[in-house]
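Coordinates in review
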Amino acid sequence: MRAITVDEYGAAPALTEVPDPRPEAGQVLIKIEAAGVNPMDRALAGGWSRDAIPARFPFVLGADLAGVIEAVGEGAARFRPGEEVFGQLLIAPLGSTGTYAEHVAVTEEAPLARVPEGLEPTVAAALPTAGATALQLVESLEPLRRKTLLLVGAAGGVGSFATQFAANAGARVIAVGRTSAAERLRDYGAAETIDHTAVSVLDATQGGHPGGIDVLVDVASDPDGFATLASLVRPGGTALTTRDLADTEALAARGVSGVNFRVAMSSELVERLADAVVSGRIAVPPITRIRLEDAIAVDSNGHPDGKTVIAL
C-alpha cells in the first residue's frame, strides 16, 4: 500500500510502498478514507518523543483518521466489517499505526468510535486530536463563566474548537489570530480578536484589560512568548500551554497555576466531540483537503487557519 513514511528520525517524509497490514488477534483492519493532519505528526517523526515512546521504522506518519472496517482479527468483536469509524491512533510503537496511508491494522481497544450519521469522513478525520484536546482542555478549566480567557493560536485546529467550547462555557474569549480569521472567530463566540501580526498581543491585552486576565490558553507560542503572555494572568488564574512550556514553579510563586496540558484520549471523548458537532453546538473549522502525495509538502506547523485533511 502507499504511505507517507520516514526511515529515521528527522528524515524528509516520502511517499513509499509498504506491506499491506493484516489484522492480528484482537485487531481491526481499517481502510482509511481520510487522515487528519496535525503539527505533532511531523514532530513525532522528528524524534520529539524518542526518549519516552518507542518507534518502528519505516515510520508511517499520522494519527487521526476516518475509515471503514475492512476485516477483524480473531477474537475482535467491538466492530463489524463495513462500519465507519474515526479516532486517534497514537499507539506505541509510534509509526506502527500511522494514518497517512491506505490501510492500518490496530487493536480494537484504540480510541475509536463509530462515525455518527451525517458526519462525512473528511470532517470526522479533522476532529480527534484538535477537537478532543480542546474539549478536555476547556473542561479542565471550568467553571469559566464571566472569566476573561486569552486564547493564542485561536484560528488553528485546537484553537478553533477551544474558542467555541470556552465561549459556550461562559468565558469572555480574547482570540488571537490573523485578521482574515477575525469574523470566523467572532462567529465562534469570541468577544475580542487580536491580530498578532499587526500588534503586540501583550500591549493590546494590557490596554483592554489593565487588571489582567483570568486564563491564558496558548497553543502556539515559543517559550519566551508564553512566559511573556503568562505575565498577564492575575493571581489565582491559570496559564495553560499545550507545548510543555509552563514553568510551574515560577508561576506558582506569583499565585498562578501553570499547566502543561496533555489530552487523555478515549473513545468516549471523541464520541462526545462528534455529538457536539452533529448537534450543531460546535462548528468544524475550515478544512483544506489534499491528496496523500501532497502531504509531503505540508507545513510542519500545520494549517494556520483551520484544519488540513488528507482525502484518500
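Remember, it's a predicted structure, so these values are computed and weren't measured experimentally.

Each helix and strand counted, the protein has nine helices and 16 strands in total. The C-alpha atoms of the protein give a radius of gyration of 20 Å, which matches the 20 Å a tight globule of 312 residues would have. Each principal axis of the C-alpha distribution contributes one length, and for the protein these read about 60 × 40 × 35 Å. A buried classification covers 52% of the 312 residues belonging to the protein. Within the protein, contacts between residues at least 6 apart in sequence are counted, and of these 66% link residues at least 24 apart.

Moving on to the nonpolar core. By size, the foremost hydrophobic cluster in this structure holds 51 residues, and its most contacted members are Phe-86, Leu-149, Phe-165 and Val-217. When residues of this core are traced back to their parent elements, those giving at least two are helix H2 (121-125), helix H3 (128-141), strand E9 (148-152), helix H4 (157-168), strand E10 (172-176), strand E12 (213-218) and helix H9 (267-278). Here this core gets seven residues from one element, more than from any other, and that element is H3.

With 12 residues, H9 should reach 16 Å at 1.5 Å per residue; the first-to-last C-alpha distance of 16 Å fits that figure. Of the positions making up H9, those classed as buried are Ser-267, Leu-269, Val-270, Leu-273, Ala-274, Ala-276 and Val-277. Its buried side turned inward, H9 meets strand E6 (84-88), strand E8 (112-114), H3 and H4. Of the residues trailing H9, Gly-280 is marked for its positive phi of about 90 degrees.

A few words now on the packing of aromatic side chains. What describes a pair of aromatic rings is the distance from one ring centre to the other and the angle between the planes of the rings. Scanning the entire structure with this criterion turns up two aromatic pairs. Relative to Phe-57, the ring of Tyr-9 lies with its centre 5.2 Å away and its plane at 85 degrees, an arrangement referred to as edge-to-face. In this pair, Tyr-9 sits in the loop between strand E1 (2-6) and strand E2 (14-17) while Phe-57 sits in the loop between helix H1 (39-45) and strand E4 (59-60), placing the two residues 48 residues apart along the sequence. Taken together, a centroid distance of 6.0 Å and an interplanar angle of 45 degrees make the contact between Phe-57 and Phe-59 tilted.

Further remarks concern the sheet that holds strand E11 (residues 192-194). A sheet is described by the order of its strands in space; here six strands give the open sequence E11-E10-E9-E12-E13-E14, paired in parallel fashion. Every other strand in the sheet has two partners, leaving E11 and strand E14 (257-260) as the edge strands with one partner each. The sheet shows a mean angle of 15 degrees between the axes of neighbouring strands, taken without regard to direction. Where E12 lies against strand E13 (residues 233-241), five bridges are found, and the strand directions are parallel. Looking at the pairing, Ile-213 lines up with Val-233 of E13. Along the sheet, H3 contacts E9, E12 and E13; its crossing angle with E13, the most-contacted strand, is approximately 160 degrees. Of the strands in this sheet, E9, E12 and E13 are in contact with helix H7 (residues 223-230), which crosses E13 at around 155 degrees.

In this section: empty space enclosed by the protein. If you walk through the whole model with that rule in mind, you get two cavities of 30 Å³ or more. Roughly 90 Å³ of internal volume is contained in the largest cavity. As for the largest cavity, its lining consists of 13 residues, and the residues nearest its centre are Leu-44, Phe-59, Gly-62, Leu-90 and Gly-95. Mapped by element, the contributors of at least two residues to the lining of the largest cavity are H1 and E4.

What follows deals with the layout of surface pockets. Empty space among the atoms becomes apparent when a probe as large as a water molecule is rolled across them. Taken as a whole, the second largest pocket encloses approximately 410 Å³ of empty space. Ranked by the residues each element gives to the lining of the second largest pocket, the list is headed by strand E7 (residues 103-107), at five residues. Tallied by class, the residues present in the lining of the second largest pocket amount to 13 nonpolar, seven polar and four charged.

Quick look at the side chain of Gln-27 now. Topologically, Gln-27 is positioned in strand E3 (residues 27-37). Of note is the side chain of Gln-27, whose polar atom sits 2.9 Å from the backbone nitrogen of Glu-24. Those residues within four positions of Gln-27 in sequence are excluded, and the remaining contacts are Arg-22, Val-72, Gly-73, Ala-76, Ala-105, Val-106, Thr-107 and Glu-108.

Parameters and conventions
- Residues numbered from 1 in each chain as written.
- Predicted model: local features only at pLDDT ≥ 70, side-chain atom pairs only at ≥ 80, totals over all residues.
- Heavy atoms only, no water.
- Helix = DSSP H or I, 4+ residues; strand = E, 2+ residues; numbered from the N terminus.
- Rg over C-alpha atoms; globule rule 2.2 N^0.38 Å.
- Buried < 20%, exposed > 50% of the residue type's maximum accessible area, 1.4 Å probe, protein only.
- Contact = heavy atoms within 4.5 Å.
- Core = buried A, V, L, I, M, F, W, Y, C linked by side-chain atoms within 4.5 Å.
- Expected span 1.5 Å × (residues − 1).
- Phe/Tyr/Trp six-rings, centres within 6.5 Å; stacked < 30°, edge-to-face > 60°.
- Pairing = 2+ DSSP bridges.
- Axes fitted to C-alpha atoms, helices over the stretch in contact; angles between N-to-C directions.
- 1 Å grid on protein atoms, 1.4 Å probe; cavity = no way out; pocket = protein on both sides within 12 Å on 5 of 7 lines; lining within 4 Å.
- Points joined across faces, edges and corners; volume = space filled by probe spheres on them.
- Nonpolar A, V, L, I, M, F, W, Y, C, P; charged D, E, K, R; others polar.
- Polar contact = N/O pair within 3.5 Å; in protein donor to acceptor, adjacent residues only side chain to side chain.

That's the geometry; what it means functionally is another story.
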